[in-house]
Structure formats: structure tokens, C-alpha cells
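# Examining the three-dimensional arrangement
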Amino acid sequence: MDIAQEFPIRQVIDADGQLVGDRSSVSDDQVKDFYRWLVTLRTLDQRAWNLQRQGRIGTYPPFSGQEAAQVGAVAALQKDDWICGSYRDWAALSYAGVPLSYPLLNSMGHAVAGRIPDEINALPVQVVIAAQTLHAVGLAWSSKLQNQGRVALTFFGDGATSQGDFHESLNLASVVKAPVVFVCQNNQWAISVPISRQMNSQTIAQRAVAYNIEGIRVDGNDILAVYQTLKDVVGRVREGQGPVLIEAVTYRLGAHTTADDPTRYRPSEEEQRLRYGEPVARLRRYLLSSGLLTEDENKQVEEEAKARVEEAVQAAETFPKGAPEDVFNHVYADLTPQLQAQRAEFQRRMQQGGTARG
Amino acid sequence: MAAYEWKLPDVGEGIHEAEIMQWLVAEGDEVAPDQPILQIQTDKAVVDIPSPTAGRVAKILAQEGELVRVGTVVIVFDSASGSSAAVAPEPEPAVSPSSPALPVSAEKQVAGRRALATPAVRKLARELHVDIQQVHGSGERGRVLAEDVRAYAAGDSRPKQVPGPSAATPRPRSVQPLAEEIRVPLRGTRRAIAEHMVRSKYTAPHVTNMDEVEVEALVAMRQQMKETAGEQGIKLTYLPFIIKAVIAALKQFPYLNSSLDDDTKEIVLKPYYHIGIAVDDPDGLVVPVIRNADQKSLLELAREIQDLTDRAHAHRLTREELGGSTFTITNFGSFGGLFATPVINYPEVAIFGTGRIQKRALVVGEDDRIVARQVMSVCLTFDHRVVDGGTAGRFTNLIMRYLHQPANLFLEMS
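Residues numbered from 1 in each chain as written. Chains lettered and ligands numbered in written order. Predicted model: local features only at pLDDT ≥ 70, side-chain atom pairs only at ≥ 80, totals over all residues.

### A word on the overall build of chain A
- Scanning chain A from terminus to terminus reveals 13 helices and eight strands.
- Looking at chain A residue by residue over its 358 residues, the buried ones come to 47%.
- Taking the intrachain contacts of chain A between residues at least 6 apart in sequence as the baseline, contacts between residues at least 24 apart amount to 77%. (Helix = DSSP H or I, 4+ residues; strand = E, 2+ residues; numbered from the N terminus. Buried ≥ 20, exposed ≤ 12 C-beta atoms within 10 Å, placed from the backbone. Contact = placed C-beta atoms within 7 Å.)

See the structure below:
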């Protein structure tokens, strides 16, 4: 099998911002709306990085470079479809409707960030690598058994595809034909491990063959390619064709987290080369060169983004301080008797002047 | 305008301190939010710090090169009201820009490069109140190790513990820093021995029995034959006699001349007698093999032992000469040992060891006389998977009988 031929990378807008594919199913307004989101999320991400450096939030995992893969995929979902992401998928959750202050609250240690608002069908961000793929299969299977017509979409990274959970998820989803869309954001780096040392396969998409499901490679920095591909895939998955594995080829522009320093393991030549085609700059090039956006309008988009992010920062920093017993919230709808007893004991000791450490 | 004191945050996960690398602003500068103001270096990375506020830099409290604890105020801004200052983490008591009483970092400034050390060592230094910059690092590339910090702390605190030189109390002897460990790569023969020993010990359950045998007759016989052999240029040791005694016993105890095939779960009984002899060498133990030792005379054995030993020391043995033995004999008595628990030359199932021959007091006769006699100590280590203690004991007893009455060996000769 010729892998490159079998799994070509789908593209609509190339790195230079030139239209190289068909975007007829996306309106101009939709493209501009995508752009506003990408700029807002990029601004938020960079602001969060600075907030951490200023000591205002804790450890934060930046998603810069992966906004198109996340937003484009979520845009293809319907309102009550499920989203199961990891700690780097706040762009997806934000686009789905979670307030922009949540990623900040999460890094400030507020328990509320673990409680996604009820009207959004998304699980809290998962830190255990690849574990959310299992949850997605469960949700999708349940939807199928109950004829809910809901699709579950799960995001994970290239590193996650080396985990057993990923393979178990693909296998079970394939066997029961669960309506799951597996979206791998192949950002080339699993913390400090490059993809070449992570797997011997040429692509992640080809792994679908082993599970007898469809595998598709798409340019993850091209939001129109991601959106149009996912729109088609989500529709077919909803109709019952079984799960699909998407490999969105992208690049982690920044560090793994604020505690990481990629200059220690990643060649700067690679960063410079791959930064060029990143999703926000690419879409801006397209919009400006095609006349859909003027420089003035672009400035306005950037100002609006800053204002929205500033609001989110204000919201996060004025959020009421959490109480130590908040840790008992949001995991179970009804606390188990054991946890109820633990909480009572905890509160009693706090009242006696103890500290959270006991 | 309000004063905004900015404290050094934990920019990593569990960072305790950071070095001020470079200030990108000066006192009096106007700054915008998120404008880079400072570069710091932590254990993990060089980190750019963006301004947390808009306003004017009122005071810079940490110098470049200084090591600053997380939580220390390093810069004070005259912050524009209505900016992010409103959300400064903790409202601090207002300090006027001209106030001289600002808390200045107590850390001593040390010029030059920051000491290399792991976070654990830095923590140790803090606990021992040692300025890690002052410690000479003995590790790789001058890395400060935990023992360097402890040695420094010990040296530093001694005068305080001993308030003054007293005539009665001897001055504590100054402790020399310990010499560095020497690390020798495990290679070649040493490595082969290590692997072989581990394999043997962890595969075969070893049991050793020990005994003593009176060898007056053997000593006399060897003394007598030694001269004859010497005339032919052959050095006759006790080993050829021991080999003959062992083979005579092996012929009656075939399970001692066997190996265990783990894959097929079969005990393989060997109809041939290839005897390994352990040769001590400065470069490591080698075990050359005398093939078909049962078919060779004492003199032939002696000659072959001499040849193999000489070539072992010269490292001129071939691979074939170093393998394929069915039973091994080790003479730990040659370097003075009386008792030992030899390791089986795996996959054989037993090894016979002989100790030093020396005069010892024995109780003999019906009247319990105590007499001085030449006595050899012997031992047998066996693989308990294949051989039990009874068999091993009877086998050893038989060897001992031949060593005690070596003339009986002639009965066995073909």
C-alpha cells in the first residue's frame, strides 16, 4: 500500500493563504467568523502564558497552533453532540460555548472549571493521556443504544496514539459501530518526544486500517479543510457508518506547558519553518489577499479579541475564592456515603482551626 | 497612582528560586501591560516575564545575577489606576515611591555564573543555610552535589560548635574531603564472569556441604611421584589425583555429571568426563577444560594442567578450550582457603572444591589418641534441583575415600 497516496493530506487553503481546494460549502461570513474566533483564542492563549509568568495563574498548557483543528472540528458538530477533550483543548471548549474565563480558572485551581455548564455537552478536560477516547466511545455507544442520534467527538494528541486506551477505544468503537469521531491533533511532539520516535508508522490515519474503519488525514492548520472534512464525516457517522479516525496534521507552536522549555530539545530551525503555515496567519493571508478582509477590519478584529480576553481575565480574577471543600464537588452528582463522611470530617477539622493539610 | 509590588512567581512547577538574568526596563521607564520587563533563569528554563501592569517602574529591587526566592518582591510599579493593578494578587500596604524602607532581598549577590545543582541539592542547601554559590562543586562540569553542600555546611558550622580551643579537649581533626569514587566499566572477562555467576546463582538453587579428609597417604604418594615427574619436567600437583578421585566417583554417581535442560525439562546425563579447572588470574577467573580426563594418566593430566594454566595466564586459550566441561573442580586451597562455597559452573550441576592441606589434630583409634595428621578440607556445591543432600553427601564421601586411600584409584584404572 502506498501510504502517501492512500492517506493524502486534504487542504483547502495552503500555507501561503492561496485557495487550493473547494470552499463552496462555507459562506464568507462563516469564514470571517472562524477568523474572529481564531484571533480571539490566540490572544487568550498568549495572555494566559503571560498571566502565568506574572504569577497570576498556575501551570497552563498552551494550544497555539492548534486552534484551527479544534474550532474546525467543533464547528461541524450539532449542539447536543458530545466533546471529550484533553487539557490542551480549551479552544474547542471555548468555541462550543464554555466561557473564556474557564481555562484561566482551571489554571488558578478553581474547581468550577471542572464543571462544564449544563447546556454544553462536553466532558471536563482530561489530563490522563488518551483516557477521554474511552469516555467518548461510551457516550457514543450509549447514544446509539438509546437512539439519541448524538455523535461523540474526541480530541487527543499524537502521543496518545501510543497508549493502550487509544487502541482499545478504536477497537471497541469499531466492533459496536459507535458513532465516534476520533480527532488526533498530530502536533508532532509528545512533550519532548518527536513523532519519529513515537511510532514507526508513516501516518496516524493508517492505523484505522487495523480496525477496519475509515482514516483521513487533513491539514490541521487549515480550518476550512478541517471543517469541511469533519462536516462530511460527522454526518456519515451520525447515519451509522461507524467510527472514523481523523489525523489533523498540525504543530505545537509553543511549549508543552508553562513549566517546559522546548529550546532544550527542539531545533529552532524546525520551529521557524513550521510556524509559517500556522492557522491564524494562514487564514489572515487568505482573507486579506482575497479581499474578504481589509487591514482596518483586521485591526478591529484584533481589538475586539483583546477586549474579550480582558473581560475573561477580569472575570477569572474577580471570581470568588474557592473553599477547600470544593474538591468534593462536581465529580459525583450525589456524593457517595464515604465521601459525605470525609467531607464532614474535613469540615469539622477546618472549623477546629486546622488547615487543609490537616 | 498606586504602588504595585510584583513578587517573583513560581514560573515552573515547584520552582523555589530563580536567577535575575537581565532587566529589560529601568527605574523611571513607562511600561505597558505584557511588555517584556525581565528575563530570569530557573532550574528548568530561561523565562521572559511580561509586565503585569501599566505604569512607571518605581523601583527595581533585585540585581542581575542575583538568586531570588519565589515570593520576593523584585520590582515596584507606580501603577496607572484602573489597570490590572486592581487585580493584584494580594492588596499590599501602600508604599510611597520615596519610601526607603522597602524590603530588599537578603540574598547575597554573587558575581559570575550560577552554580549548577539539582533542585533537591538546592533545597538541601537552603535547609542547611548554605549559599550554594559559595560551594565548590565536585560533580560533572562543576555540578554541586549533596555531599559538597553537607561538607561545606560541616566545615562552616564547626567553629560555632567548638567555641574556643580548650587545652583539655583535643581539636577536632579537620576532615579531608572524601576522595572521589572510581568507576571502572564492567567489560570483557569481568563482565562475562559477572553475567555467568548471576545466571548460575539465580538459576540453580545452590547448596554446599563441607568436610575434612585425612590425606597422609596422598601426600606421601604425591611426594614420591613428584620426583619422577620432575625428571620429565612436569610439575605434579594434587590436582591430577583429585581429578582422578572425582571421576571415579562420578562414574558411580552419573547425576553429578549432568545438566538440566530447562526447555525440555530433562536431566541430561553425560557419558564423557570433561573436567573444568578453575584458574586464578589477575585479569579474572578462567576455567579451561580437560577433555576426556578419565582416559588420561596422572602424568598426562599434570602436563595438560600445566599447559592450560600457562596459556590461561598468557590469555592464549581458545574458545573451545574454555567451554564444554561436564564437572568443575576449584582449588581454593592454593591461595590459603580452608572453607568456601563455590558457585556452580552453570549448566553443570555441581562443583568440587578443595581447601588447604595442613596438619591438624585428629582423634584416632579406639583409645581416642590425638594425633597430628595431614588434613584436606573439601566441599561440594550442588544444584538442588537435580541432586539432593543424601546423594551429594554419598558422592563426597566416595571422593574422600579415594583421597584418603589413593591406592584404590588404581583399581579403577582402565
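### Considering the overall build of chain B
- What chain B contains, in helices and strands, is eight helices and 16 strands.
- In chain B, buried positions account for 32% of the 414 residues.
- Within chain B, contacts between residues at least 6 apart in sequence are counted, and of these 62% link residues at least 24 apart.

### Side note on the sheet that holds strand β3 (residues 152-157) of chain A
Residue and element names in this part refer to chain A.
- The strand order across the open sheet built from six strands is β1-β7-β8-β4-β3-β2, with neighbouring strands paired in parallel fashion. Both outer strands of the open sheet, β1 (9-10) and β2 (82-84), are each paired with one neighbouring strand and no more.
- Across six bridges, β3 lies against strand β4 (residues 180-186) in parallel orientation. Looking at β4, one finds that phenylalanine 156 is bridged to cysteine 184. (Pairing = 2+ DSSP bridges.)

### A closer look at the interface of chain A and chain B
- Facing twelve residues of chain A, the contacting portion of chain B comprises 15 residues.
- Among the elements that line the side of chain A that touches chain B, the one with the most residues is helix α2 (residues 28-53) of chain A, at three residues.
- Of the residues belonging to the side of chain A that touches chain B, the class tally is one nonpolar, seven polar and four charged. (Nonpolar A, V, L, I, M, F, W, Y, C, P; charged D, E, K, R; others polar.)

### Overview of the nonpolar core
- If you look at the biggest cluster of nonpolar residues, it comprises 94 residues, and the most contacted ones within it are Leu38, Val71, Ala92, Val181, Val226 and Ile246 of chain A.
- Considering every element that reaches this core, the biggest residue donor is α2 of chain A, with eleven residues.
- The residues contacting valine 181 of chain A, other than those within four sequence positions of it, are Val151, Leu153, Leu230, Val233, Val234, Val237, Val244 and Ile246 of chain A.
- In terms of nonpolar packing, the next biggest core, distinct from the first, is built from 54 residues, Ile247, Tyr273, Ala302 and Ile305 of chain B among them. (Core = buried A, V, L, I, M, F, W, Y, C linked by C-beta atoms within 7 Å.)

### Digging into the environment of alanine 2 of chain B
- Counting through the fold element by element, alanine 2 of chain B comes out in strand β1 (residues 2-7).
- In this structure, the C-alpha to C-alpha distance between alanine 2 of chain B and aspartate 78 of chain B, residues 76 residues apart in sequence, is 5.5 Å.

### Observations regarding the packing of α2 of chain A against helix α11 (residues 279-289) of chain A
Residues and elements named next belong to chain A.
- Where α2 contacts α11, the axes come no closer than 10 Å and their chain directions differ by 145°. Between α2 and α11 lies a crossing of left-handed hand. Contact residues: α2 offers Phe34, Tyr35, Leu38, Val39 and Arg42, while α11 offers Pro279, Val280, Leu283 and Leu287.
- Looking at the contact of α2 with α11 residue by residue, the class counts come to eight nonpolar, no polar and one charged. (Axes fitted to C-alpha atoms, helices over the stretch in contact; angles between N-to-C directions. Left-handed = near helix turned anticlockwise from the far one by under 90°.)

### Quick look at the sheet that holds strand β5 (residues 46-50) of chain B
All names here are of chain B.
- Taken in spatial order, the four strands make up an open sheet running β5-β4-β2-β7, and their pairing is antiparallel. Because the sheet does not close on itself, it has two edges, and the strands there are β5 and β7 (67-69). This sheet shows a mean twist of 40° between the axes of neighbouring strands, independent of strand direction.
- The sheet contact formed by strand β2 (residues 17-23) and β7 spans three bridges and is antiparallel. If you follow glutamate 19 over to β7, its bridge partner there is leucine 67.

### Thoughts on the environment of methionine 197 of chain B
- Here methionine 197 of chain B lies in helix α3 (residues 188-203).
- In the structure, methionine 197 of chain B is positioned 149 residues away from tyrosine 346 of chain B in sequence and 8.1 Å away in space, judged by C-alpha atoms.

### Considering the confidence of the model for chain B
All names here are of chain B.
- Within chain B, residue pLDDT values average 84, and 86% of them lie at 70 or more.
- Contacts from residues 82-111, a stretch scored under 50 in pLDDT, to residues over four places away or in other chains number 43 contacts.
- For the stretch residues 157-167, pLDDT sits under 50, and the model shows three contacts to residues farther than four places along the chain or on other chains.
- Interface predicted TM-score (ipTM) for the complex: 0.74; the corresponding pTM is 0.59. (pLDDT = per-residue confidence, 0-100.)

### Observations concerning α2 of chain A
Residues and elements named next belong to chain A.
- Look at α2: 38 Å from first C-alpha to last across 26 residues, which is about the 38 Å you get at 1.5 Å a residue.
- For α2, the tally of buried residues reaches 19 of 26 residues, placing the bulk of the element in the interior.
- A positive backbone phi angle near 80° is found at glycine 55, which sits one or two residues after α2. (Expected span 1.5 Å × (residues − 1).)

### Observations regarding the pairing of strand β14 (residues 327-330) of chain B
All names here are of chain B.
- Of the two faces of β14, the one holding Phe327 and Ile329 and the one holding Thr328 and Thr330 are both buried throughout.
- Across three bridges, the pairing between strand β12 (residues 275-277) and β14 is parallel. For glycine 276, the partnering residue across the bridge sits in β14 and is threonine 328.
- Bridge count for β14 against strand β15 (residues 350-364) is three bridges, and the pairing is parallel. Its bridge partner lying in β15, isoleucine 329 is registered against phenylalanine 352.

### A few points about unusual backbone geometry
- With an omega dihedral of 10°, the bond running from tyrosine 346 of chain B to proline 347 of chain B counts as a cis peptide bond.
- In this structure, alanine 130 of chain A is a non-glycine residue whose phi angle is positive, near 75°.
- Given 22 C-beta atoms within a 10 Å radius, alanine 130 of chain A is considered buried.
- Although it is not a glycine, histidine 330 of chain A adopts a positive phi angle of roughly 75°.
- Owing to 14 C-beta atoms within 10 Å, histidine 330 of chain A belongs among the partly exposed residues under this scheme.

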